[in-house]
Amino acid sequence: MMTGTMPLDDVRIIDLTQTTIGPFCTRMLGDYGADVIKIERPGTGDPARTMPPFFNDEPGIERSGLFLFLNTNKRSVTVDLESERGRQIIRQLVENADVLVENFAPGVMGEMGLGYEALTEVNPRIVVTSLSNYGQSGPYHDFAGTEINLYGMGGNMIASGDIDHEPVKTAGRMVNYHAGYVGALATTMSLHATEFLRDGIGEHLDVSVFETATHSIDSRLGRLMGYQHSGNVGTRPGRSAAVASGVFQCADGWFLITGTATFVHLVIKMIGMDELLEQPEWATVAERAKPERIDEFAAYLVPWMLERTKSEVRDACEAYGILGGPMNTIADLLSDPGFESRGYFQEIDHPTTGAIKYPGFHFTIHRDAEDGGPMPARRRAPLLGEHTDEVLSEGLGLSDDEISRLRAERVI
Amino acid sequence: MTTNGREPRSKLPLDGIRVLDITVVWAGPYSTMQLGDWGAEVIRVESTKYFAATTRGQMARPPKEVVEAQARAGGMGYPDNEAGERPWNRSAVFNAHGRNKRSVTIDLTSPEGQEAFERLIAASDGLIENNVPISMEKWGVTYERLSKINPRLIMVRMPAFGLAGPYKNYRTWGNHMEALSGHPLIRAYPNLSPEYAAGGVPADAAGGVGAAFAFTLGLRYRRRTGKGLMIEAPTAENFVPLLGEYVMDYTMNGRVRTQVGNEHWTNAPHNSYRCQGEDRWITVGVWNEEQWRSLCGLMRQENLVEDPRFIDMASRFENRHELDSTIGEWTGTRQPHWLVERLQAAGVPSGVVMNERDALEDRHLHERGFWHSLDHPEAGNYRHVGPAWKASQTPNDTPRRHAPLLGQDNEYVYKTVLGYTDDEYRDLEEKGQIGMDFAPEVP
């Protein structure tokens, strides 16, 4: 059992979220101790259960890798939110909860009789975190949107990729996860204020993907200021916009390096061309910043890179203090000596998949041995409805008979 | 703990919380920006003798060629591309993330500096840093030492890869740790060399959010246990879970996905499409049949609904390149905002690929009160983003203060917070520890 204190281990969260934005938020809160009660639709559950990748590529509600990694450290309770009895169960759960997180389209909670005002009547100290694409108000609040649309609007997509090709997004669902992460930060700050500054008065948080991306994924913030300074809108650079910078081919793959006029002297030393620094074209930072240096230096750097593996180049960059990283595949990442030596990836057992590796903790809380020592291991994602009985009987005091009746009525 | 010098409490959640900030570049500053936005008194501990590249600009005194190169490479340089007399107070990126923070100059390499630093640690709640661990050790910025001075200190450390391990002192920015973690190779175009792969630093943004979250958790931990806490938040470890489904596809199925670009796992159309105008684009991402039929209707190509190549999601995904050309022909002669207005009215998930001008003029962001103008004495008046979320009990008119000039708050920190006398202060000024300019020898 868990010993010592985790920051949120006295916090109960009613989690009405689904797919990616909200589950990422509650995943973060669960990792640091919160009791996350995930409410799922009876029979089918969170739609993320039907999204790829699937274990052995066979679809099934307990087989989605997306769902499995997003829902560790949570308990699953099935409740039909379309039934009045189901909504009553939610209100009862809220009575003894600290936080409710949801990512329905704006207005849906209200239609279900679970709007913020209604919930405060049940529990005035509840913090309600609403996550949505565009926010609870404003002209776009009911716009349709998916991850690529939101990145295009809020992120630096216009400046991502190559000028002669289309703007490209970040991988996977990164913009959604970013919003969920901000949601976890917002929730924790609001809990702090509710408990310690407001004598138990909770509040409603409005977190949107559009605004959290503008705020800013991808250094959007700096570019928004840069535009106001120069009047130049961002656009996609060519392959190499600065000296000794860009993606270069190595013996076994590709390598990303950032020299620029500020650091190119280190790259010159790394490739053993110190004498170059004595030539007037390379002697000063001002000279090194001239655009014609980009192609000149590529002529030296390209062959040097081609003769080395990306791991050799990485070692050299570290030795010379140069900013650079190998363009790894996920397979490279899982066998990377840096991550491996720290035991970063966590093996988690699951009835469908057996023990497989998951990405590790985002950050590590270093507690003294007397306070519990290392962080508690993650619990696997719940099977659909795995904790329905335990939460309804222990949490709400429902009898076995009552639970059976609810099940027969398909409320749970 | 001393409370001298704190601002009167208002209602922001972190009011009365003092956080020391030894952060550089982007991930660290973004974390303390989040804390400052919500009321923390963030004090940047800086030095007149050491310039951390890419924090207050690339160099303290960049030659004009460097300013021009910066303008060519993305335009995140200086107002009107003029570095000005004190360039370190005019950097676009710093002046964006520096808001709501204070700046004190302390030379951690001198005994006087170490004394001031120790006194400041004793008067603070937290410290956040994102430096190469070897530098922090050199300056004595370790939890082991600082927690003895202040056992209630919450310290969040954000090395690139960890405080221990073979990459401990491996120096990178977000984009390099993303490369090592697999992101740009997944993000690269499907049919082009990875040389064209997009850069960008979502790892830094996530690192900033993560460290702010970690600090807030630390506060709650301290409240409950009475003890401080050290939290290790390596930016790379914080980032890898954002690639979670790709990691799982590999550990479950052994599949290695690269060069995915804008492709979705199963859905099509899902891409960006060129529009009328210079470098204008929209994105469309269809996830059900109704949206697909609406899209065909808008394009006046109802025949596509029955076309066997596009008859269901699986067929559309298989024939996505043909589909993309068809949509591109329709969008290519139309304006992006015109297109998105109609697509949204028909319920098709879509959006303009917004450049900075679009964002600053966006009607939704305006109606939500997202932009705030702020004066900066050496850079000018510009618009800033507001807080990252809205909280019903917590009106937040952030940003409240412009990004600090170097050493702007020296008097406040030394005299008001730490109780230095005028004589002691003057002595440190003479030694160059207290100042508002980088030493002449700093490039």
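In this text, all values refer to a predicted model and were calculated from it rather than measured experimentally.

1. With respect to the overall build of chain B
Here is step 1 of the chain: Scanning chain B for helices and strands turns up 20 helices and 12 strands.
Here is step 2 of the chain: Projected onto the principal axes, the alpha-carbon positions of chain B cover approximately 85 × 50 × 50 Å.
Here is step 3 of the chain: When burial is assessed residue by residue, chain B has 57% of its 443 residues classed as buried.
Here is step 4 of the chain: Contacts in chain B between residues far apart in sequence, at least 24 positions, make up 71% of those at least 6 positions apart.

2. Here's the deal with the interface of chain A and chain B
Here is step 1 of the chain: Taken together, the 134 residues of chain A in the interface contact 141 residues of chain B.
Here is step 2 of the chain: Partitioning the side of chain A that touches chain B into residue classes produces 68 nonpolar, 49 polar and 17 charged.
Here is step 3 of the chain: Bridging between strand β6 (residues 204-208) of chain A and strand β12 (residues 390-391) of chain B involves two bridges; their strand directions are antiparallel. Opposite Asp206 of chain A, over in β12 of chain B, you have Lys390 of chain B as the bridge partner.

3. Observations regarding unusual backbone geometry
Here is step 1 of the chain: Of note, the amide linkage connecting Pro52 of chain A to Pro53 of chain A takes the cis form, showing an omega dihedral of 0 degrees.
Here is step 2 of the chain: Mapped onto the elements of the fold, Pro53 of chain A is located in the loop between β2 (35-40) and α2 (65-70).
Here is step 3 of the chain: That bond from Thr398 of chain B to Pro399 of chain B is cis: its omega, 5 degrees, falls within 30 degrees of zero.
Here is step 4 of the chain: Relative to the helices and strands, Pro399 of chain B is located in the loop between β12 and α19 (410-417).
Here is step 5 of the chain: With phi around 55 degrees, Ala244 of chain A is a residue other than glycine that occupies positive phi space.
Here is step 6 of the chain: According to the C-beta neighbour criterion, Ala244 of chain A is buried, with 28 such atoms within 10 Å.
Here is step 7 of the chain: We note that Asp279 of chain B has phi near 55 degrees; this positive angle belongs to a residue other than glycine.
Here is step 8 of the chain: Positionally, Asp279 of chain B belongs in the loop between β7 (270-274) and β8 (281-285).

4. Some points on the pairing of strand β8 (residues 253-258) of chain A
Residue and element names in this part refer to chain A.
Here is step 1 of the chain: With five of six residues buried, β8 is to be regarded as a mostly interior element.
Here is step 2 of the chain: Note: strand β7 (residues 245-250) against β8, six bridges, orientation antiparallel. Note that in β8 the partner of Val247 across the bridge is Leu256.
Here is step 3 of the chain: In sequence, β7 turns back onto β8 through a hairpin of two residues.

5. Quick word on the domain arrangement of chain A
Here is step 1 of the chain: Per the domain assignment, the segments of chain A are domain 1 (12-218 + 345-408) and domain 2 (245-329).
Here is step 2 of the chain: Taken over C-alpha atoms, the centre of domain 1 of chain A sits 44 Å from the centre of domain 2 of chain A.

6. Notes on the domain arrangement of chain B
Here is step 1 of the chain: Looking at the assigned domains, one finds that chain B contains domain 1 (18-233 + 399-430) and domain 2 (270-358).
Here is step 2 of the chain: Between domain 1 of chain B and domain 2 of chain B, the C-alpha centre-to-centre distance is 43 Å.

7. Re the sheet that holds strand β4 (residues 99-102) of chain A
Here is step 1 of the chain: Here seven strands make up an open sheet; going across it, the order is β3(A)-β2(A)-β1(A)-β4(A)-β5(A)-β6(A)-β12(B) and the pairing mixed. Looking along the sheet, the strands with just one partner apiece sit at the ends: β3 (74-78) of chain A together with β12 of chain B.
Here is step 2 of the chain: Pairing of strand β1 (residues 12-15) of chain A with β2 of chain A involves four bridges; the strand directions are parallel. Counterpart to Ile14 of chain A in the pairing with β2 of chain A is Ile37 of chain A.
Here is step 3 of the chain: With respect to the sheet, helix α7 (residues 174-196) of chain A is in contact with β4, β5 (127-132) and β6 of chain A together with β12 of chain B, its orientation differing from that of β5 of chain A by roughly 160 degrees.

8. With respect to the pairing of β3 of chain A
All names here are of chain A.
Here is step 1 of the chain: The element β3 is extensively covered by neighbouring structure, given that five of its five residues are classed as buried.
Here is step 2 of the chain: Two elements, β2 and β3, share five bridges in a ladder whose sense is parallel. The partner of Glu40 across the bridge, within β3, is Thr78.
Here is step 3 of the chain: Traced from β2 through α2 to β3, the parallel crossover comes out right-handed.

9. Topic: helix α17 (residues 388-395) of chain A
Residues and elements named next belong to chain A.
Here is step 1 of the chain: Taken together, the buried positions of α17 are Thr388, Val391, Leu392 and Gly395. Buried residues in α17, looked at end-on, bunch into an arc of 95 degrees, giving them a common side. For α17, exposure combined with an orientation more than 90 degrees from the buried face picks out Glu390 and Glu394.
Here is step 2 of the chain: In the core, the buried residues of α17 are packed alongside β2, β3, α3 (84-95) and α18 (400-408).
Here is step 3 of the chain: Backbone geometry just downstream of α17 places Gly397 in the positive-phi region, at approximately 70 degrees.

10. Remarks on the sheet that holds strand β9 (residues 323-326) of chain A
Residues and elements named next belong to chain A.
Here is step 1 of the chain: Pairing in this open sheet of three strands is antiparallel, and the strands run β7-β8-β9 from one edge to the other. Of all the strands in the sheet, just β7 and β9 have a single pairing partner and so form its edges. Averaged over all neighbouring strand pairs, the angle between strand axes comes to 20 degrees, with direction disregarded.
Here is step 2 of the chain: Contacts between helix α14 (residues 310-320) and the sheet are confined to β7, β8 and β9, with β9 contributing the most and set at about 160 degrees to the helix.

Calculation criteria
- Residues numbered from 1 in each chain as written.
- Chains lettered and ligands numbered in written order.
- Predicted model: local features only at pLDDT ≥ 70, side-chain atom pairs only at ≥ 80, totals over all residues.
- Helix = DSSP H or I, 4+ residues; strand = E, 2+ residues; numbered from the N terminus.
- Buried ≥ 20, exposed ≤ 12 C-beta atoms within 10 Å, placed from the backbone.
- Contact = placed C-beta atoms within 7 Å.
- Nonpolar A, V, L, I, M, F, W, Y, C, P; charged D, E, K, R; others polar.
- Pairing = 2+ DSSP bridges.
- Domains from an automatic or database assignment.
- Axes fitted to C-alpha atoms, helices over the stretch in contact; angles between N-to-C directions.
- Right-handed = clockwise from strand over helix to strand, strands pointing away.
- Arc of directions from axis to C-beta.

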